[in-house]
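# Observations on the three-dimensional arrangement
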Amino acid sequence: MARKKTPKPQPAACEVCKGTGEVSRTVQVGRKRRTVGKQTGFCLNCLGSGEAPAN
């Protein structure tokens, strides 16, 4: 009888982006640095993978 395969452990989610791979930043314009909205970009901590770095 064959053994059941154990599932591979899931990698830990990145704490900064919560595993999504994207983070939001506020966008400011003009000399007075007026806030106009938010812009999403990839997470610099996990480089967009959503997995916690090995450190």
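Before any of the text, the structure's been laid out above.
Numbering of residues starts from 1 in every chain and runs along the sequence as written. Local features in this predicted model are restricted to residues whose pLDDT is 70 or higher, and side-chain atom pairs enter the listing and the counts only when it is 80 or higher, whereas totals over whole chains, interfaces and linings include all residues. For the side-chain quantities, the full set of heavy atoms in the structure was used; hydrogens and water were omitted.

### Quick notes on the overall build of the protein
Only runs of H or I of at least four residues qualify as helices and only runs of E of at least two qualify as strands under DSSP, and these elements are numbered from the N terminus. The secondary structure content of the protein amounts to zero helices and two strands. All radius of gyration figures rest on C-alpha atoms, and the globule criterion is 2.2 Å times the number of residues raised to 0.38. Against the globule reference of 10 Å for 55 residues, the protein gives a C-alpha radius of gyration of 19 Å, more extended than a compact globule. Counting the 55 residues in the protein, one finds 11% classified as buried. Between two residues, a contact is recorded if the distance between any of their heavy atoms is within 4.5 Å. Considering only intrachain contacts with a sequence separation of at least 6, the fraction spanning at least 24 residues in the protein is 38%. Using a 1.4 Å probe, the Shrake-Rupley method yields the accessible areas, and only the shown protein chains count as cover for residues. Taken as a whole, the protein presents about 5,400 Å² of accessible surface, with 51% of it coming from carbon and sulfur. Burial classes: relative accessible area under 20% of the type maximum marks a residue as buried, over 50% as exposed, and values in between as partly exposed (1.4 Å probe, protein chains only).

### Details of the pairing of strand 2 (residues 34-42)
The buried fraction of strand 2 amounts to zero of the nine residues, a small share that puts the element mostly on the outside. Where strand 1 (residues 22-29) meets strand 2, eight bridges bridge the pair, whose relative direction is antiparallel. The residue bridging Ser24 from the neighbouring strand is Thr40, located in strand 2. Two strands pair if DSSP finds at least two bridges between them.

### Looking at the environment of Ala12
Its place among the elements puts Ala12 in the segment before strand 1. Taking the C-alpha atoms as reference points, Ala12 and Pro53, separated by 41 residues in sequence, lie 8.8 Å from one another. The residues contacting Ala12, other than those within four sequence positions of it, are Gly50, Glu51 and Ala52.

Read these as geometric descriptors, not functional statements.
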